[in-house]
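Below, each chain spelled out in residue letters.
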Amino acid sequence: MTQVVPASRSRDGSGGGTAGARRRRYTAELAGVLPPSEPFTAWLAAGGDPAPDFARLPARTGLWSPVEGVGAAGAWPARRAVLRARWRRWLTGDLPPAPRRTPVAGQQVRTAGGVEVRELVVGGGWSVRARLLLPVPAAGVRRDVPVYLLQSSHGPWAEAALARGWGACLVSAADGDDDTEAVERAFPSVVAGRLAWRAWALSRVLDVLQDQPGVDVRRVLVGGHSRNGKTALLAAAFDDRFAGVVSSSSGVLGAIPARLCTDRHFGEGVELLTRHYPGWYHPRLRWFAGREHRLPTDAHELLALAAPRPVLVSVAVEDPVERVPAARAAVDAAREAYTLLGRADPLELVLRPGGHRADESAVAAQLDWAQSVLGGTPRRPGRPPAAPSPVPWPADRVRPGARPLRGAELRAAVRAALGTGGRTGGGPPAAGEGTGEGTGEGTVHTPDGVAVTLLHPPGGGGGRGLVLWLGPPCAATGWRAGYEQAEPLPALLAAAGWVVACHDPVGSGSRHGEQPGPGFSPLGRMTADAAAVAAAAAAATGHDRAWVAAYGTGALVALHLTALGAGPEDVPLAGAVLAAPSCGEPLLRERPGYTLADLLATTADRPAVVLDPAWDPEAPPGAVAAACRAAGVPRVRLADWHRLSGATRTAMIDWLDVHGPRRAPV
């Protein structure tokens, strides 16, 4: 399930020296590249921890079993305690213990529109407001109903629950209505993230719901969307009394593993998460920016902590906060805890169309699911279709091998790893697609129907040349890369005078539901598509060759393209700038018999450069440098992690400016 590198063989070259010296080195190293974050700086100045000793933390680029080392269900409570301790240590911080009895300091009751509204003030020495909404039963009837426990920003969700005959409880623990800020001040010695405080508040409200007439306390479902979805998962993970949980678009460290949705996936990433929302988690999480693979826990363990209770993970396929492959991996890994406890079905992943918003149909689907798992008519869980099981690009195939592969032998090995399937259609052009009017964008299609977006220079025309942009497959937004730290590279290249050809890789963006096709691996289809896209773009713009700007997975696509060589219908590649040509994603049909050095050697007849980040979870230390030396390809070391930062974008543009065709005179 995952590739693990022991601490003594750390991929970021961090094994030498004493623990204290290493921590000082990591702290200085990260301080030099982390964008400013005033709350983080203030925490450090107040005595916050330096960077962890990453050399002592296992490097795991994929997910592991949350029940590793557990042989029987009886050992689950002890394992669960370990998982909870990991989350407290690295992510949430320690919270106050649950009080022996949580009082209700005040209560007001009114009835409106067939709904009884109880305004509760929960706590002693601190307070959290909650609004309990219960359907008014018929005269003389006593009926306990299930309750949907939500944060106060989910009023429409509460209304939907009431329409089903459920109750709902809205807690003032949400953005713009957050009593936990005052609660935190009542515990000055506690350092914890805001989401953990909100989860703690939900549990305190659950304390008092047990004594509220009309509430079926055995069926209190906790739920939320986005950051509230993270909070709901935390509440259920640390409080076994919740009957189930709905996590809607909860993103990284909600239901999405941090190590599977990073900068190198064009995902949210720990750096963006902790800079934009610095109070959500314990400040020490920021140290894992670019080193998410060293985080000792992850979202799949959070999901497992709810076992064996029902959990619904709802993910929108076009949501840039999430990645469908990462969600699938998290649910599959967490299901091992459910299987251990004899209940595999209560954990369910549901994919919905559209972006981050959860509309009325999504909320209705949540309640359909909740009614089926909390005492209604049972139904068979809707499982996504079985996905193929491709092989990841292995880290040990970066350094030069014992014997270099060249020519026909290399091409045969590449075809074996990629697959040799025939071209498969991406569908006919969609109605209404064509050349954009006055937008600087145009759209053409490959013979297989893959849409190619052409970005033109400000002055229009063919510009100084054609650049083929190849990036990582951003599952939600395709080539447009949803979570970036600067203006997208294709737009910057167009502004610099190039025509830029962009397309959504298979399985991403507009093609998120598309499979590679018979005989193809994902990387094989990406490589075939890249050749077809270059040809279609060249035909549309009049250029007879293409330059390549590629990052991460896209850089591997570009190298496989050069290794296979240009066919009679292909456009020659004039040169390539390749940033971080490594990727641990499962993309191949079989383990490759060639190395990155062999692929790089195929660029020897044209200008090429590799931009190599200083620490890269997908490549052993020094491996990319060794591959470049063996292939005779120039390498530029980046004092950064595996990401497409603003500085890296500038380096790529500058290289093309020097080696590509000169700008047309003004």
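Residues numbered from 1 in each chain as written. Predicted model: local features only at pLDDT ≥ 70, side-chain atom pairs only at ≥ 80, totals over all residues. Heavy atoms only, no water.

Caption draft 1: Expanded view of the pairing of strand β10 (residues 215-225). When you tally the buried positions in β10, you get eight out of 11 residues, the bulk of the element. Bridging between β10 and strand β11 (residues 244-248) involves five bridges; their strand directions are parallel. Bridging across to β11, Gly223 finds its partner in Val246. In terms of handedness, the path from β10 via helix α7 (residues 227-238) over to β11 forms a crossover that is right-handed. (Buried < 20%, exposed > 50% of the residue type's maximum accessible area, 1.4 Å probe, protein only. Helix = DSSP H or I, 4+ residues; strand = E, 2+ residues; numbered from the N terminus. Pairing = 2+ DSSP bridges. Right-handed = clockwise from strand over helix to strand, strands pointing away.)

Caption draft 2: Broad picture of unusual backbone geometry. Along the chain, Ala307 connects to Pro308 via a cis peptide bond; the corresponding omega equals 0°. Positionally, Pro308 belongs in the loop between α9 (299-304) and β12 (311-316). The phi dihedral of Ser226 is positive, around 60°, even though this residue is not glycine. When you line up the elements, Ser226 lands in the loop between β10 and α7. The exposure class assigned to Ser226 is buried, which follows from its relative accessible area of 17%.

Caption draft 3: Local environment of the packing of helix α14 (residues 522-541) against helix α15 (residues 553-564). Where α14 meets α15, the closest approach of the two axes is 9 Å, and the angle between their N-to-C directions is 70°. In terms of orientation, α14 and α15 fall into the roughly perpendicular class. In this structure, α14 contributes Leu523, Met526, Thr527, Ala530 and Ala531 to the contact, and α15 contributes Thr553, Val557, His560, Leu561 and Leu564. Per-class residue counts for the contact of α14 with α15 are seven nonpolar, three polar and no charged. (Axes fitted to C-alpha atoms, helices over the stretch in contact; angles between N-to-C directions. Parallel < 35°, antiparallel > 145°, perpendicular 65-115°, else oblique. Contact = heavy atoms within 4.5 Å. Nonpolar A, V, L, I, M, F, W, Y, C, P; charged D, E, K, R; others polar.)

Caption draft 4: Structural context of the packing of aromatic side chains. Here the structure, examined in full by the defined rule, presents 17 aromatic pairs. A ring pair is formed by Trp90 and Phe288, whose centres lie 5.6 Å apart and whose planes are at 90°; its orientation type is edge-to-face. On the criterion of sequence distance, the pair formed by Trp90 in helix α3 (residues 76-92) and Phe288 in the loop between α8 (269-276) and α9 is long-range, its members being 198 residues apart. Classification of Trp90 by relative accessible area gives buried; the value is 11%. (Phe/Tyr/Trp six-rings, centres within 6.5 Å; stacked < 30°, edge-to-face > 60°.)

Caption draft 5: Representation of the sheet that holds strand β5 (residues 128-135). In spatial order, the strands read β3-β4-β5-β7-β6-β10-β11-β12-β13; together these nine strands make up an open sheet with mixed pairing. In the strand order of this sheet, the two ends are held by β3 (104-112) and β13 (347-352), each with one partner. Strand-to-strand, the axes of this sheet are offset by a mean angle of 20°, without reference to chain direction. Across eight bridges, the pairing between β3 and strand β4 (residues 115-122) is antiparallel. From the neighbouring strand, Gln108 faces β4, where its bridge partner is Glu119. This element, helix α10 (residues 324-340), spans β12 and β13 of the sheet and lies at about 165° to β13.

Caption draft 6: Geometry of the sheet that holds strand β23 (residues 635-641). If you trace the eight strands from one edge of the open sheet to the other, you get β15-β16-β18-β17-β19-β20-β22-β23, paired in mixed fashion. Edge positions in the open sheet fall to β15 (441-445) and β23, since each of these has one partner strand only. Pairs of neighbouring strands in the sheet enclose a mean axial angle of 25°, with direction left out of account. One ladder, built from six bridges, connects strand β19 (residues 546-551) with strand β20 (residues 573-579); its direction is parallel. Within β20, the position partnered with Ala549 by the bridge is Val577. Helix-sheet contacts for α14 involve β15, β16 (451-455), β17 (466-470) and β18 (499-502), and the interaxial angle to β17 is about 150°. Most of the contacts of helix α17 (residues 623-631) go to strand β22 (residues 608-615), to which it runs at about 160°, and overall it touches β22 and β23.

Caption draft 7: Structural view of helix α11 (residues 360-373). In this model, α11 (14 residues) spans 20 Å end to end at C-alpha, consistent with the 20 Å of a helix rising 1.5 Å per residue. Those residues of α11 that sit buried are Ala362, Val363, Gln366, Leu367, Trp369, Ala370 and Ser372. Where α11 is buried, its residues contact β6 (145-151), α4 (155-163), β10, β11, β12 and β13. After α11 finishes, the residue Gly375 shows a positive phi value of roughly 110°. (Expected span 1.5 Å × (residues − 1).)

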